[in-house]
Amino acid sequence: MQTPLPQQTVIAVVGTGAMGAGIAQVAAAAGHPVKLLDNRPGAAEKAVDGIRAQFAKLADKGKLSAEAAQAAGARLIPVDQLAELADAGLVVEAIVENLAAKQKLYADLEAIVGPDCLFGTNTSSISVTAIGAALQRPERLAGLHFFNPAPLMALVEIVSGLATEPAVAATLFATAAAWGKTPVHAKSTPGFIVNRVARPYYAEALRLAQEGAADYATIDAVLREAGGFRMGPFELMDMIGHDVNFAVTNSVWRAFYHDQRFLPSLLQQELVDAGFFGKKSGRGFYDYREGAVKAAPQSEAPQTPVGKISIVGESAAAEALVDRLHHCSLSFSRALESGGRIAEIGRAALYVTDGRSATQRAAESGVANTVLIDLALDYGKATRLAIAVAEQCDPEAANAACGLLQAAGFAVSRFADIPGLAVMRSVAMLANEAADAVNQGVCSAAAADSAMRLGVNYPQGPLAWADQVGLPNIRNVLTHLGASYGEDRYRVSPLIQRAVFAGKKIHD
């Protein structure tokens, strides 16, 4: 097992913006002397002052002793010239996302630092292989991708380019762990792990909105309150900034030779063209200007659950309904599983979506009064559910189904009859992309799940979530979405296919 860099190793950080300063803070807190360099006059000194202020705040809050805060601050050394980094054992660059600029920096450093000095680029989107191609010794370069804010975010992607020496990646992995981070290994492919696997979270929500499934606030609310995501996709894109988010999507799309899975959205292109970048510009999907009314999610008006109620089968959704109905005055019976139903009320039949529209499912099953519910991370704790109603469904039957879910304690948001609803299609596509990354050797299944939990705060790793939902169910959702849209975008990952045929889970 590789050992981390010793504490006496000098860490150099080039670029002292938010990311560079954050990385310097992490390294200094871990006991290293840290040299900071920036090509902007006075920027390195300003960054050192800011980091020392952060250490002082941590001491004031009791999270760090006054002595430790002072010692960590004293380890920060602003420098003016590249030559002053000659004694560095690791140089981390956090400069502009420009290939030529990064190549020149490291090429210049090769003539200054010792032969054992390691190079760690914090790039989030540029190929580590391409950066290394300009070096005499590209084997010493690897990605050391922190997430913002670096002192708080646990994840670090250790990215190996084609020429990266395995021992270098292993040393950086051990060093990041010694710094209190959770590192994961990844191969240098577009987006690495997080920026690749996260694309469907935005893409599927954008497609739902473009097709009129529901408004932005309602889609966000469903993904938060049913899916368990910390932020809905539209509020998250507004926070990131559409100029940034759209640029990353385009970068990944182009790098994958215009693969339909990463297709950018015309809806987001319009926002970028208008200069509506989100919070920082005052407008995005939401209006942040002074006096603007905050958008609220759409919930169905209260309905009466009229008719005999039967909970069908023993699925997670059915069992949660049983538990929740025990807390209200409604009586119900139990029935054996029948055609995938989870409940019946009067003439209405409720099913969890399988990627078909409610209208298609009603036509193919012969059950006109079909109502679909979305996936939930935990049906017992979810506070909101999305539903879709078949065109053939009698309005009274739809109202009764809505009333049943409301009696069980759910706020109900009725979507247009779009295949897969919101949470189910998002989780299926996130799992599919993670599975493809694993299948293509970008990372392990454990690394994919860890990266998405720690890098973007997903409530569960997408592959573990797929195992929980059932890989045959995930495959069916993707297959039905592909059939509905006639697009390669929803092709099923070979890893999922093999696992289904073998009767295994991804994490078996």
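Right, let's walk through the structure included here. In this text the structure is predicted, and so the values were computed from the model without any measurement.

So, on to the overall build of the protein. Broken down by element type, the protein carries 20 helices and 15 strands. Scaling as 2.2 N^0.38, a compact globule of 508 residues should have a C-alpha radius of gyration of about 23 Å, and the protein matches this with 26 Å. Each principal axis of the C-alpha atoms in the protein carries an extent, and together these give about 80 × 50 × 45 Å. The proportion of buried residues among the 508 residues of the protein is 54%. For the protein, the computed accessible surface area is about 20900 Å², with 54% contributed by carbon and sulfur atoms. Here the protein carries 44 positive and 50 negative side-chain charges, and the mean point of each set is 2 Å from the other.

Judged by pairing direction, the sheet is mixed, and its seven strands sit side by side in the order β10-β9-β11-β12-β13-β14-β15 without closing on themselves. Each having just a single partner strand, β10 (333-335) and β15 (411-414) make up the two edges of the open sheet. Taken over all neighbouring pairs, the strand axes of this sheet differ in orientation by 25° on average, direction set aside. Pairing between strand β12 (residues 348-352) and strand β13 (residues 370-373): four bridges, direction parallel. Pairing of A349 across the sheet is with T370, part of β13. Across the sheet, helix α9 (residues 216-225) lies against β14 (384-389) and β15, angled at about 120° from β14, the strand it touches most. Seen against the sheet, helix α14 (residues 358-365) touches β12, β13 and β14 and runs at an angle of roughly 135° to β13.

Here we come to the sheet that holds strand β5 (residues 118-121). Here eight strands make up an open sheet; going across it, the order is β3-β2-β1-β4-β5-β6-β7-β8 and the pairing mixed. One side of each edge strand has no neighbouring strand; the edge strands of this open sheet are β3 (76-78) and β8 (182-187). Strand-to-strand twist of the sheet, defined as the mean angle between neighbouring strand axes without regard to direction, takes the value 25°. Pairing of strand β1 (residues 10-14) with strand β2 (residues 34-37), which is carried by four bridges, proceeds in the parallel orientation. By the bridge assignment, V13 is partnered in β2 with L36. Its contacts with the sheet put helix α2 (residues 43-60) on β2 and β3, and the angle it makes with β3 is roughly 160°.

A full pass over the atoms with the stated rule returns 25 salt bridges. E97 is the partner of K102 in a salt bridge, and the nearest nitrogen-oxygen pair spans 3.1 Å. Ionic pairing is found between D354 and R356, a salt bridge with its closest N-O pair at 2.7 Å. Just as D354 is buried, R356 falls in that class too. A cluster of three or more residues bridged by salt bridges with shared partners is formed by R196, R261, E433 and D436.

A few words now on the packing of aromatic side chains. This model, assessed by the stated rule, comprises 12 aromatic pairs. Taking the centre distance of 4.8 Å and the plane angle of 75° together, the rings of F234 and F285 count as edge-to-face. Of this pair, F234 sits in helix α10 (residues 233-240) while F285 sits in the loop between α12 (266-274) and β9 (309-312), and the two are 51 residues apart along the sequence. Across the pair, F285 and F234 agree in class, each one buried. Three or more aromatic residues joined by ring pairs form one cluster here, namely Y201, Y202, F229, Y458 and W465. Here the basic side chain of R140 rests over the ring of F119, its NZ or CZ set 4.8 Å away from the ring centre. The residue whose ring lies beneath R207 is Y485, and the NZ or CZ to ring-centre distance is 4.6 Å.

Bringing the packing of helix α17 (residues 445-455) against helix α18 (residues 462-469) into the picture now. Across the interface, α17 lies against α18 with an axial gap of 7 Å and an inter-helix angle of 105°. Here α18 runs roughly perpendicular to α17, going by the angle between their axes. Of the residues in α18, those touching α17 at A445, A448, D449 and M452 are P462, L463 and A464.

Analysis parameters
Residues numbered from 1 in each chain as written. Predicted model: local features only at pLDDT ≥ 70, side-chain atom pairs only at ≥ 80, totals over all residues. Heavy atoms only, no water. Helix = DSSP H or I, 4+ residues; strand = E, 2+ residues; numbered from the N terminus. Rg over C-alpha atoms; globule rule 2.2 N^0.38 Å. Buried < 20%, exposed > 50% of the residue type's maximum accessible area, 1.4 Å probe, protein only. Areas by Shrake-Rupley, 256 points an atom, 1.4 Å probe, with all protein chains shown as cover. Lys, Arg positive; Asp, Glu negative; His and termini not counted. Charge placed at Lys NZ, Arg CZ, Asp CG, Glu CD. Pairing = 2+ DSSP bridges. Axes fitted to C-alpha atoms, helices over the stretch in contact; angles between N-to-C directions. Contact = heavy atoms within 4.5 Å. Salt bridge = Lys/Arg side-chain N within 4 Å of Asp/Glu carboxyl O. Phe/Tyr/Trp six-rings, centres within 6.5 Å; stacked < 30°, edge-to-face > 60°. Lys NZ or Arg CZ within 6 Å of the ring centre and 35° of its normal. Parallel < 35°, antiparallel > 145°, perpendicular 65-115°, else oblique.

These figures come from the coordinates and say nothing about function on their own.
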